[in-house]
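# Inside the fold
Residues per chain are reported as follows:
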Amino acid sequence: MTESAAITPELIASFDEAALADLARRLEEDDYPTPFAGLQDWHLLRALAIHRLELARPYVHLVDQEPFDED
């Protein structure tokens, strides 16, 4: 996914198990040229977890955020 690509219903529908596994691998390796590229993948995985949970369920741990103390 390019940094300028919008997350559309068509993009979400186009994902299969192999494409999602590749997305998850990139997120797990966290080897992006810019922080924004990683953030774009994270937002895409989050959208997939919302709209296609059955497909994204094995990778939901990559979307979960750890609680933190704001003090």
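Before reading further, recall that the structure is shown in the block above.
Now for a quick tour of the structure. Owing to the predicted nature of the structure, the values given are computational and were not obtained by experimental measurement. (Residues numbered from 1 in each chain as written. Predicted model: local features only at pLDDT ≥ 70, side-chain atom pairs only at ≥ 80, totals over all residues. Heavy atoms only, no water.)

### Comments concerning the overall build of the protein chain
Of regular secondary structure, the protein chain possesses four helices and zero strands. For the protein chain, the N- to C-terminal ordering of α and β elements is α-α-α-α. A burial count over the protein chain gives 31% of its 71 residues as buried. The long-range share in the protein chain, meaning contacts at least 24 apart out of those at least 6 apart in sequence, stands at 61%. (Helix = DSSP H or I, 4+ residues; strand = E, 2+ residues; numbered from the N terminus. Buried < 20%, exposed > 50% of the residue type's maximum accessible area, 1.4 Å probe, protein only. Contact = heavy atoms within 4.5 Å.)

### A short note on helix H3 (residues 35–51)
With 17 residues, H3 should cover 24 Å at 1.5 Å per step; its first-to-last C-alpha distance of 24 Å lies within 8% of that length. For H3, the complete set of buried residues consists of Ala-37, Gly-38, Gln-40, Asp-41, Trp-42, Leu-44, Leu-45, Ala-47, Leu-48 and Ala-49. Buried residues in H3 make contact with helix H1 (9–14), helix H2 (17–29) and helix H4 (53–56). (Expected span 1.5 Å × (residues − 1).)

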